[in-house]
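# A structural walkthrough
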Amino acid sequence: MTILVTGATGTVGRHIVSQLMERGESVRALTRDPQRANLPEGVGVVRGDLTDADAFRRAIGGCDAVHFITFNGEFGETLTSGAELVAATAAADVQRVSVLGGWDESTLEPALRAGDLDWALLAPVEFMSNAREWAPEVVSDRRVRTLADWPSAMVHEADIAAVAVEVLLGAPATAEGQTYYLTGPEALTPAERTARIAEAVGEEVTWIRLTEDEERDRLRAFGYDEGYVEFGVELAKNPPAIGQVVQDTVMRLTGRPGRTFAQWARENVELFRA
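Quantities reported herein were computed from a predicted structural model and do not represent experimental measurements. (Residues numbered from 1 in each chain as written. Predicted model: local features only at pLDDT ≥ 70, side-chain atom pairs only at ≥ 80, totals over all residues. Heavy atoms only, no water.)

## As for the sheet that holds strand β10 (residues 179-182)
Across the sheet, 7 strands lie side by side as β3-β2-β1-β4-β7-β8-β10; this open sheet has parallel pairing. Two strands in the sheet have a free side with no partner beyond their single neighbour: β3 (44-47) and β10. In this sheet, neighbouring strand axes are inclined to one another by 20° on average, regardless of whether the strands run parallel or antiparallel. (Pairing = 2+ DSSP bridges. Helix = DSSP H or I, 4+ residues; strand = E, 2+ residues; numbered from the N terminus. Axes fitted to C-alpha atoms, helices over the stretch in contact; angles between N-to-C directions.)

## Regarding the pairing of strand β1 (residues 2-6)
For β1, the buried fraction is high: 5 of the 5 residues fall into the buried class. Burial along β1 is two-sided: T2, L4 and T6 facing one way and I3 and V5 facing the other are all buried. Bridge analysis of β1 against strand β2 (residues 26-31) gives 5 bridges, and the strand direction is parallel. The partner of I3 across the bridge, within β2, is V27. Note that the unit made of β1, helix α1 (residues 13-22) and β2 has a crossover that is right-handed. Note that β1 and strand β4 (residues 65-69) share 3 bridges and pair parallel. Across the sheet, I3 pairs through a bridge with A65, a residue of β4. (Buried < 20%, exposed > 50% of the residue type's maximum accessible area, 1.4 Å probe, protein only. Right-handed = clockwise from strand over helix to strand, strands pointing away.)

## Focus: the packing of aromatic side chains
Taken as a whole, this structure holds 7 aromatic pairs when the rule is applied. Judged by centre distance (5.8 Å) and plane angle (90°), the rings of W103 and F231 are edge-to-face. Note that W103 is positioned in the loop between β7 (96-100) and α4 (108-114) and F231 in helix α9 (residues 226-237), a separation of 128 residues in sequence. Classification of W103 as exposed rests on a relative accessible area of 60%. Ring centres of W264 and F272 lie 6.2 Å apart, and the angle between their planes is 65°; on these two criteria the pair is classed as edge-to-face. F272 carries the same exposure label as W264, and that label is buried. (Phe/Tyr/Trp six-rings, centres within 6.5 Å; stacked < 30°, edge-to-face > 60°.)

## Section: the nonpolar core
I16, F56, F68, V97 and L122 are the most contacted members of the largest nonpolar core, which totals 51 residues. No other element matches helix α6 (residues 157-168), which puts 7 residues into this core. Excluding residues within four positions of it along the chain, F56 makes contact with L4, T6, L30, L50, V66, F68, L85, A88 and T89. Core analysis: the second largest hydrophobic core is formed by 18 residues, A131, A135, M154 and I197 among them. (Core = buried A, V, L, I, M, F, W, Y, C linked by side-chain atoms within 4.5 Å. Contact = heavy atoms within 4.5 Å.)

## Topic: a nonpolar patch on the surface
Where nonpolar side chains cluster on the molecular surface, the patch consists of W103, F222, Y224, Y228 and F231 and spans about 560 Å² of accessible area. Within the fold, Y228 resides in helix α9. (Patch = residues over 30% accessible without salt bridge, like charges linked within 9 Å, V, L, I, M, F, W, Y side chains within 5 Å. Areas by Shrake-Rupley, 256 points an atom, 1.4 Å probe, with all protein chains shown as cover. Salt bridge = Lys/Arg side-chain N within 4 Å of Asp/Glu carboxyl O.)

## What to know about the side chain of R193
Here R193 lies in helix α7 (residues 190-201). Excluding residues within four positions of it along the chain, R193 makes contact with E126, W134, W150, S152, M154, L188 and F261.

## Examining unusual backbone geometry
Phi at N38 takes a positive value of approximately 50°, unusual for a residue other than glycine. Following the sequence through the fold, N38 ends up in the loop between β2 and β3. Non-glycine residue D93 carries a positive phi angle of around 60°. With respect to the helices, strands and loops of the structure, D93 is situated in the loop between α3 (82-91) and β7.

## Observations concerning the environment of P136
Relative to the helices and strands, P136 is located in helix α5 (residues 135-141). Separated by 105 residues in the primary sequence, P136 and A241 place their C-alpha atoms 29 Å from one another.

## With respect to the pattern of salt bridges
Enumeration over the complete set of coordinates arrives at 22 salt bridges. As a salt-bridge pair, E212 and K237 come within 3.5 Å of each other at their nearest N and O atoms. Taken together, the positions of E212 in helix α8 (residues 212-221) and K237 in helix α9 put the pair 25 residues apart, joining distant regions of the chain. Residue class for E212 comes out partly exposed when judged on its relative accessible area of 32%. K237 sits in the partly exposed class, given a relative accessible area of 39%. For R220, the salt bridge is made with D217, and the minimal N-O distance between the two is 3.2 Å. Pair noted here: R220 and D217 are both in helix α8, with a separation of 3 residues, about one helical turn. When its relative accessible area of 48% is taken as the criterion, D217 is described as partly exposed. A single network of salt bridges, built from pairs that share partners, joins E212, D213, R216, E230 and K237.

Below, the structure written as structure tokens:
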């Protein structure tokens, strides 16, 4: 099979590319900057992105499956070209489609629902890699500060990729039009995640609960506008219930348990070392 991976240089996309290559598949990657893609040898790198329908049509030709993301552009805007992309995908006789969803539905999902393509939506409750934003404070002060104190069943990005690969290769366990909610094998509070990072680093790291105003200041320091700041505060106070419930999707579709946050922390320990 020849499989087109969009978002190939992203957190999940790189894992999808690597895992498909390990399975002996032919991989084509769509990226805005091929010279900086740094993908494995043997990957066919094509210039373009999902905002450029003509570039996508050239990239999809001859492919058997495609992995979509639902955002694009330099700043990660929600995808608005879904109808054109789905039409091009159908015209190319693609057999299987996986879609990595985000917070908001893009134009891609309704276009897929209205068509005849065999597709599935991947819905991670939270990426383990979100903990990367804690790294500067862990490095400088050996602490993690959050307003949220609820447990999250966050999922390893490699496990998101593993489910995408099963969808793309048409594994018997996958089903057309299915939404797969993806979690890791445990739900951990920020304090528990901090403890796993401390264990990986080999030094004490302290978790501190912020007030709402302190959380606003923290989010503003990242440069977020006031609308996003208030969204972040509300999310910290009232999280989606589904994000706290462990699902068996990774085990069911891949045949092995999901990776733990402790494993993720060990793999990324250099981020948290001074």
